[in-house]
Amino acid sequence: DSGVTQTPKHLITATGQRVTLRCSPRSGDLSVYWYQQSLDQGLQFLIQYYNGEERAKGNILERFSAQQFPDLHSELNLSSLELGDSALYFCASSPRLNSPLHFGNGTRLTVT
Amino acid sequence: AQKITQTQPGMFVQEKEAVTLDCTYDTSDPSYGLFWYKQPSSGEMIFLIYQGSYDQQNATEGRYSLNFQKARKSANLVISASQLGDSAMYFCAMREGRQSNFGNEKLTFGTGTRLTIIP
């Protein structure tokens, strides 16, 4: 168990809808990262937060947004969903630079 | 150019044999870290081993070791005495940047190698 909790584990929704993915980092970890894993794109970095502030942005679509709350949990919001958004979404956390990222078990999103 | 290259899409190895998974990387930053992760069929990402660019010795963690050849920019994962439970996808990843820069510590991942251990 990595200590990173992601909910829900599975999500099935229709095109055009909006969903929210939730992540609780390991106790004490201030950095939260979101990754998308799809068959054709592999593991893609989406966004990083550190202690509530956005610190790095990757290939995140404008339809997607995220935030980290004062209690350090984070949410990834995906809107106007398309079939191509179907993927495994990972949250990861780490306490400091050059320490490994510890991943949650992911949320599998299926858009129909 | 790809930052992380894993040239072996799949490998089949006999149980109890050692296996080497290849990883080459591309960076001009003198400070970087290299990571290996395992992803079983259940989907979770499990951290295995880490090597810093300034580390003098190759990293080891139990049956895992990292063959770090800085001049060749390679960071191969070696699994000794493979077990059936080692069957999984293995990802090499890199983080670039100085330790003082806590602004961007994202990992860039390779495409992975699917390892299958044969009984």
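In this report, we go over the structure that sits alongside the text. (Residues numbered from 1 in each chain as written. Chains lettered and ligands numbered in written order. Predicted model: local features only at pLDDT ≥ 70, side-chain atom pairs only at ≥ 80, totals over all residues. Heavy atoms only, no water.)

1. Some remarks on the state of the cysteines
Covalently bonding the sulfur atom of one cysteine to the sulfur atom of another cysteine gives a disulfide.
Move 1: Throughout the structure, instances matching the rule amount to two disulfides over all chains.
Move 2: In this model C23 of chain A forms its disulfide with C91 of chain A; the gap between the sulfur atoms is 1.8 Å. On the S-S bond that ties C23 of chain A to C91 of chain A, the torsion sits near -55°, and the link is left-handed. Of the two residues, C23 of chain A sits in strand β3 (residues 19–24) while C91 of chain A sits in strand β9 (residues 87–94), which places them 68 residues apart along the sequence. Per residue, the accessibility class of C23 of chain A equals that of C91 of chain A, and both read buried.
Move 3: Residue C23 of chain B pairs covalently with C92 of chain B via a disulfide, S to S 2.0 Å. Between C23 of chain B and C92 of chain B the disulfide shows an S-S torsion of about -60°. By sign, it is left-handed. Here C23 of chain B, found in the loop between β3 (19–21) and β4 (24–25), pairs with C92 of chain B, found in strand β10 (residues 88–96); they are 69 residues apart in sequence, far enough to count as distant.
Move 4: Judged by relative accessible area, C23 of chain B falls into the buried class, the value being 0%. (Disulfide = S-S within 2.5 Å. Helix = DSSP H or I, 4+ residues; strand = E, 2+ residues; numbered from the N terminus. Buried < 20%, exposed > 50% of the residue type's maximum accessible area, 1.4 Å probe, protein only.)

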